[in-house]
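Remarks on the overall topology
Letter by letter, the chains look like this.
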Amino acid sequence: MRRRMRGVAVAAIALTSVMTMAACAKDSGGGSNNSGTGTGAACEFAEAPSAPATSNTSAANSEKVDASTLKVGLAYDIGGRGDASFNDSAAAGLDKALTDFGVKKENTRELSAAPNEDESAKQTRLRQLASEGFSPIIGVGFAYAESMKLVAGEFPNVKFGLVDGSVEGAANVTPLLFAEQEGSFLAGVIAAYQSKKCHVGFVGGVEIPLIQKFEAGYAQGAKTAAPKIQIEKKYITPAGDFTGFQDAPKGQEAAKGQIDKGADVIYQAAGASGKGIFSAAKQGGVLAIGVDSDQYNQATVADTKDVIVSSMLKRVDVAVYDFIKAVAKNDLASLPKVFDLKVDGVGYATSGGKIDAKLQGILEGYKAQIIEGKIKVADKP
């Protein structure tokens, strides 16, 4: 009798164990792993919106424009052409203008900023371009705002464009602004659907309001798609220290810390530091999402492109291209106030084949809801 009772007890314990495991699995729902141990399950997703029947993107414009007489100057942010990110996107816009509008290579000049340089260096760079007859001159990055305010006043007949910033009261400065949070929302959706642990990360270059727009959109997108997802975040440097955009080893260290905590998809908005983040992803056997340019196709990160599942496209190339076109036509009023999803100013890349048709349909559904105003994307964390 005692042996029989013992058998019943063992069976009861086993049944309780199975029920407990099942309950745990149900509670996790493929959701976030809050233990930080690196284990976890795929996300449980919210109901996704349906993809629209027709595309909401703007149609291509084949209008013929002659810009052969323009002298175009670009003042890059730190990293310059070859950063595989923000500056390279601007360079791509210039290159396309050379092809499409007849801008002559000898009539272009490209200058780059140095990390933590004095404001006087930016002023000298802009003043040099203006005094040599370049117009338009494009400052690639908000860091040129103060210097452009001064130099634009000295050269009232020169047309300036400022990426990521505006200069109040300067009629000859055109702001080229973006809805980074909207594109980053879609990056968050991608991360959630690609994560096997429902645990993702964000690495920003410098903790400033501009980069916080990327963080805010990413987190909102990930949590909209998978409400229980766990999100790590890290900034390489604090506000004021702009080396965070050009320090690959620190980028690698920041990403490794998140991977060690269990994140298996890392979104980076860190300029040239992103190269280190991609390296950490490859070494850690996880995925990464690039930024600004389609980084899967960037030669400078070719050795790690297999981990790049997508890139949030901040179409600085479109803004630069459209600005040069508008100057050539003498029609700056034709430019959008903000380059957002509606005008293809931001978006996502599908290079590499990791975004399948099903996920692309989900992304287009969320994109349509943002364009229609059904989803409001926050620009602050």
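A quick note: this is a predicted structure, and the numbers were derived from the prediction, not measured.

Secondary structure assignment for the protein chain yields 10 helices and 11 strands. The 381 residues of the protein chain split such that 51% are buried. Sequence separation of 24 or more characterises 70% of the internal contacts of the protein chain that already satisfy a separation of 6 or more. Split by element, the accessible area of the protein chain, about 17000 Å² in all, is 52% carbon and sulfur.

Turning next to the packing of helix 5 (residues 180-194) against helix 6 (residues 209-225). Interhelical geometry of helix 5 versus helix 6 gives an angle of 40° and a closest axis separation of 6 Å. By the angle class used here, helix 5 and helix 6 are oblique. Where helix 5 crosses over helix 6, the handedness of that crossing is right-handed. Only Leu 210, Lys 213, Phe 214, Gly 217, Tyr 218, Gln 220, Gly 221, Ala 222, Thr 224 and Ala 225 of helix 6 make contact with helix 5, whose side of the interface consists of Glu 180, Gln 181, Ser 184, Phe 185, Ala 187, Gly 188, Val 189, Ala 191, Ala 192 and Tyr 193. Here the contact of helix 5 with helix 6 is built from residues that sort into 11 nonpolar, 7 polar and 2 charged.

Moving on to the packing of aromatic side chains. Per the counting criterion, the structure on display carries 10 aromatic pairs. Seen from their ring centres, Phe 45 and Tyr 193 are 3.8 Å apart, and the 5° between their planes marks the pair as stacked. Taken together, the positions of Phe 45 in the loop between helix 1 (2-28) and strand 1 (72-76) and Tyr 193 in helix 5 put the pair 148 residues apart, joining distant regions of the chain. With relative accessibility at 22%, the residue Tyr 193 sits in the partly exposed group. In textbook terms, an aromatic cluster arises when at least three aromatic residues are bridged by ring pairs, as seen for Phe 202, Tyr 218, Tyr 235 and Tyr 267. Seen from the ring of Phe 134, Lys 71 lies directly overhead, with NZ or CZ sitting 4.6 Å from the centre.

Hydrogen bonds between backbone groups are what pair the strands of a sheet, and the pairing can be parallel or antiparallel. On the basis of which strands lie adjacent, the open sheet formed by 6 strands has the order 7-6-8-9-10-11 and mixed pairing. In the strand order of this sheet, the two ends are held by strand 7 (230-237) and strand 11 (346-348), each with one partner. Across the sheet, the mean angle separating the axes of adjacent strands is 15° when strand polarity is ignored. Alignment of strand 6 (residues 199-206) against strand 7, held across 7 bridges, turns out to be parallel. Within strand 7, the residue paired with Gly 201 across the bridge is Glu 232.

Next up on the list: the pattern of salt bridges. Counting across every chain of the model gives 18 salt bridges. Residue Glu 232 is joined to Lys 261 by a salt bridge in which the shortest nitrogen-to-oxygen separation is 3.9 Å. Of this pair, Glu 232 sits in strand 7 while Lys 261 sits in the loop between helix 7 (248-260) and strand 8 (265-269), placing them 29 residues apart in sequence. Looking at Lys 261, the relative accessible area reads 45%, which means it is partly exposed. Asp 260 is paired through a salt bridge with Lys 256; the nearest N and O atoms lie 2.9 Å apart. In this pair, Asp 260 and Lys 256 are both assigned in helix 7, 4 residues apart and thus about one turn of the helix distant. Looking at Lys 256, the relative accessible area reads 48%, which means it is partly exposed. A network of salt bridges, in which partner residues are shared, links Arg 81, Asp 95, Lys 105 and Glu 110.

The next point concerns the state of the cysteines. Enumeration according to the criterion identifies 1 disulfide in this entry. Each disulfide pairs two cysteine sulfurs, and for Cys 43 the partner residue is Cys 198, the sulfurs being separated by 2.1 Å. Residues Cys 43 and Cys 198 are joined through a disulfide that is right-handed, its torsion about the S-S bond being 105°. Taken as a pair, Cys 43 in the loop between helix 1 and strand 1 and Cys 198 in the loop between helix 5 and strand 6 lie far apart in primary sequence, 155 residues in all.

Before going further, it helps to examine helix 9 (residues 316-329). For helix 9, with 14 residues, the first-to-last C-alpha span of 20 Å sits near the 20 Å given by 1.5 Å per residue. On its buried side, helix 9 packs onto strand 1, helix 2 (86-101), strand 3 (137-140), strand 4 (160-163), strand 5 (173-176) and strand 10 (308-314). Asn 330 occupies a position one or two residues after helix 9 and carries a positive phi of about 55°.

Another aspect to go through is the side chain of Glu 232. Judged by its relative accessible area of 12%, Glu 232 falls in the buried class. Side chain to side chain, Glu 232 and His 199 meet in a polar contact 2.7 Å long.

What follows covers the sheet that holds strand 3. With parallel pairing, the 5 strands of this open sheet are ordered in space as 2-1-3-4-5. Each of the sheet's edge strands pairs with one partner strand only, and the pair in question is strand 2 (108-112) and strand 5. Averaged over all adjacent pairs, the angle separating strand axes in this sheet is 15°, with direction ignored. Docked against the sheet, helix 2 engages strand 1, strand 2, strand 3 and strand 4, running at close to 170° with respect to strand 1. Of the strands in this sheet, strand 3, strand 4 and strand 5 touch helix 4 (residues 145-154), which is tilted by about 170° from strand 4.

It is worth spelling out the packing of helix 2 against helix 9 at this point. For any two helices packed against each other, one specifies the crossing angle of their axes together with the interaxial distance. Put simply, helix 2 and helix 9 touch, their axes get as near as 7 Å, and they point 40° apart. Here helix 9 runs oblique to helix 2, going by the angle between their axes. For the pair helix 2 and helix 9, the crossing hand works out as right-handed. Touching Phe 86, Ser 89, Ala 90, Ala 92, Gly 93, Leu 94, Lys 96, Ala 97, Asp 100 and Phe 101 of helix 2 are Val 316, Asp 317, Val 320, Tyr 321, Ile 324 and Lys 325, all from helix 9. Of the residues assigned to the contact of helix 2 with helix 9, the class counts are 10 nonpolar, 2 polar and 4 charged.

What counts and what doesn't
- Residues numbered from 1 in each chain as written.
- Predicted model: local features only at pLDDT ≥ 70, side-chain atom pairs only at ≥ 80, totals over all residues.
- Heavy atoms only, no water.
- Helix = DSSP H or I, 4+ residues; strand = E, 2+ residues; numbered from the N terminus.
- Buried < 20%, exposed > 50% of the residue type's maximum accessible area, 1.4 Å probe, protein only.
- Contact = heavy atoms within 4.5 Å.
- Areas by Shrake-Rupley, 256 points an atom, 1.4 Å probe, with all protein chains shown as cover.
- Axes fitted to C-alpha atoms, helices over the stretch in contact; angles between N-to-C directions.
- Parallel < 35°, antiparallel > 145°, perpendicular 65-115°, else oblique.
- Left-handed = near helix turned anticlockwise from the far one by under 90°.
- Nonpolar A, V, L, I, M, F, W, Y, C, P; charged D, E, K, R; others polar.
- Phe/Tyr/Trp six-rings, centres within 6.5 Å; stacked < 30°, edge-to-face > 60°.
- Lys NZ or Arg CZ within 6 Å of the ring centre and 35° of its normal.
- Pairing = 2+ DSSP bridges.
- Salt bridge = Lys/Arg side-chain N within 4 Å of Asp/Glu carboxyl O.
- Disulfide = S-S within 2.5 Å.
- Expected span 1.5 Å × (residues − 1).
- Polar contact = N/O pair within 3.5 Å; in protein donor to acceptor, adjacent residues only side chain to side chain.

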